[in-house]
Amino acid sequence: MGSIVLFGPPGAGKGTQAQRIMEHTGLPQVSTGDMLRAAVKMGSPIGLEAKSFMDKGALVPDDVILGLIKERIQHDDAANGVMFDGFPRTIPQAEALSNLTEITHVLAIEVPDERIVERICGRVTCGACGKVFHDTFNPVPPEGCECGSFQEKRRVDDNEATVLTRLDAYHVQTSPLADWYRSRGLFHSVDGDRDIADITDDLLNILN
Ligand code: ADP
Ligand code: AMP
């Protein structure tokens, strides 16, 4: 068994799909964005270093990210691999990753830029369980989150100005990874501008 990479621009639906395919893959979701936000909240040295980059929508330096990943994949739950969400985001990150664990699939969720701002600006997560919702496209049910204790949480970087910088970072620094993985025969892409459930079906078909 190896690891899976969920790939795509910010707001493509990587986290949403990771939550839906986790049961099927049996692999834990490893989101570098979530790990960095936890470090910022704790006020750890990594959090303090990462915060200024995250607030402007720029990528956090590779050495910081790779330190987090090397530590995370030592945990027992990563023994059979993980589902990386939002990592790798640069060629040096992908090169380093190739020496740490075997990647079996890179699943790219393709969404046009003009959809991204509305997706990101309407994103809501449950602070209690981490489930991702959207004000319009995937609203919190009237009875609340299935965890039973919905707490509305919105990210500070989910605003229009920062989204544009994040999209730019994606195009310049991250999108070259598509060819990098394609040339290694690992790259699969799905149309992410459709219903959430249809995208999940396609991803599961690729993995089966
Ligand atoms: P990422 O992890 O790639 O940044 P998310 O999974 O957090 O993206 O999704 C970003 C926002 O878009 C969330 O509010 C989510 O509910 C919404 N979303 C995800 N997939 C879709 C989809 N297929 N159609 C419409 N909205 C979506
Ligand atoms: P995300 O939650 O994936 O949208 O990431 C939020 C922010 O965390 C990004 O805008 C970056 O500042 C930072 N970040 C997350 N993952 C990485 C990564 N793999 N490399 C560099 N920066 C990252």
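Owing to the predicted nature of the structure, the values given are computational and were not obtained by experimental measurement.

## Section: the overall build of the protein chain
- Secondary structure assignment for the protein chain yields nine helices and eight strands.
- Against the 2.2 N^0.38 benchmark of 17 Å for 208 residues, the protein chain shows a C-alpha radius of gyration of 16 Å, consistent with a compact globule.
- Overall, the C-alpha framework of the protein chain stretches about 45 × 40 × 35 Å when taken along its three principal axes.
- Residues counted as buried form 48% of the 208 residues belonging to the protein chain.
- Across the protein chain, the fraction of contacts at a sequence separation of at least 24, relative to all contacts at a separation of at least 6, is 71%.
- Total accessible area on the protein chain is roughly 10,500 Å²; 50% of this is exposed by carbon and sulfur atoms.
- With 20 positive and 31 negative side-chain charges, the protein chain shows a spacing of 3 Å between the two charge centroids.

## Regarding the environment of Arg115
- Relative to the helices and strands, Arg115 is located in helix H6 (residues 113–121).
- Sequence-wise, Arg115 and Ala178 are 63 residues apart; in three dimensions their C-alpha atoms are separated by 20 Å.

## Digging into the site of ligand 2
- Taken together, the neighbourhood of ligand 2 is formed by 16 residues, with Thr32, Arg37, Ala58, Arg89 and Gln93 sitting nearest.
- For ligand 2, a nitrogen atom lies 2.9 Å from a polar atom in the side chain of Gln93.
- Alone, ligand 2 offers 480 Å² of accessible surface; in the complex the protein occludes 96% of this.
- In terms of residue count, the dominant contributor to the shell around ligand 2 is helix H2 (residues 32–42) (four residues).
- Partitioning the shell around ligand 2 into residue classes produces seven nonpolar, four polar and five charged.

## Describing the pattern of salt bridges
- One pass over the structure, following the stated rule, counts 14 salt bridges.
- Of the charged contacts, one joins Arg155 and Asp158 as a salt bridge, the two residues approaching to 3.8 Å between their closest N and O atoms.
- Of the charged contacts in the structure, one is a salt bridge between Asp157 and Arg166, with a shortest N-O distance of 3.7 Å.
- The class for Asp157 is buried, based on a relative accessible area of 9%.
- A single salt-bridge network, built from bridges that share partners, covers Arg123, Arg155, Asp157, Asp158 and Arg166.

## Topic: helix H1 (residues 14–25)
- Inspection of H1 places Lys14, Gly15, Thr16, Gln17, Ala18, Ile21 and Thr25 among the buried residues, and these make up the whole buried set.
- Two residues or fewer after H1 comes Gly26, characterised by a positive phi angle close to 70 degrees.

## So, unusual backbone geometry
- The omega torsion of the bond from Phe87 to Pro88 falls at -5 degrees, within 30 degrees of zero and hence cis.
- Relative to the helices and strands, Pro88 is located in the loop between strand S3 (83–85) and helix H5 (91–98).

## A look at the sheet that holds strand S6 (residues 132–134)
- In space, the three strands of this open sheet follow the order S6-S5-S7, with antiparallel pairing throughout. Edge strands, defined here as strands with exactly one partner in the open sheet, are S6 and strand S7 (152–153).
- Where strand S5 (residues 123–126) lies against S7, two bridges are found, and the strand directions are antiparallel. Bridging across to S7, Cys126 finds its partner in Glu152.

## Some points on the nonpolar core
- If you look at the biggest cluster of nonpolar residues, it comprises 31 residues, and the most contacted ones within it are Val5, Phe7, Phe84, Val106 and Tyr181.
- Secondary-structure elements contributing two or more residues to this core are strand S1 (3–7), H2, helix H3 (45–56), helix H4 (62–72), H5, strand S4 (103–110) and helix H8 (176–182).
- With five residues, the top contributor of residues to this core is H4.
- When sequence neighbours within four positions are dropped, the list of residues in contact with Tyr181 reads Val5, Pro88, Ala94, Leu97, Val106, Leu186 and Phe187.
- Formed by 20 residues, the second largest nonpolar core is a distinct cluster that contains Ile21, Met83, Val117 and Val190.

Each value, and the rule that gives it
- Residues numbered from 1 in each chain as written.
- Chains lettered and ligands numbered in written order.
- Predicted model: local features only at pLDDT ≥ 70, side-chain atom pairs only at ≥ 80, totals over all residues.
- Heavy atoms only, no water.
- Helix = DSSP H or I, 4+ residues; strand = E, 2+ residues; numbered from the N terminus.
- Rg over C-alpha atoms; globule rule 2.2 N^0.38 Å.
- Buried < 20%, exposed > 50% of the residue type's maximum accessible area, 1.4 Å probe, protein only.
- Contact = heavy atoms within 4.5 Å.
- Areas by Shrake-Rupley, 256 points an atom, 1.4 Å probe, with all protein chains shown as cover.
- Lys, Arg positive; Asp, Glu negative; His and termini not counted.
- Charge placed at Lys NZ, Arg CZ, Asp CG, Glu CD.
- Near = heavy atom within 4 Å.
- Polar contact = N/O pair within 3.5 Å; in protein donor to acceptor, adjacent residues only side chain to side chain.
- Nonpolar A, V, L, I, M, F, W, Y, C, P; charged D, E, K, R; others polar.
- Salt bridge = Lys/Arg side-chain N within 4 Å of Asp/Glu carboxyl O.
- Pairing = 2+ DSSP bridges.
- Core = buried A, V, L, I, M, F, W, Y, C linked by side-chain atoms within 4.5 Å.

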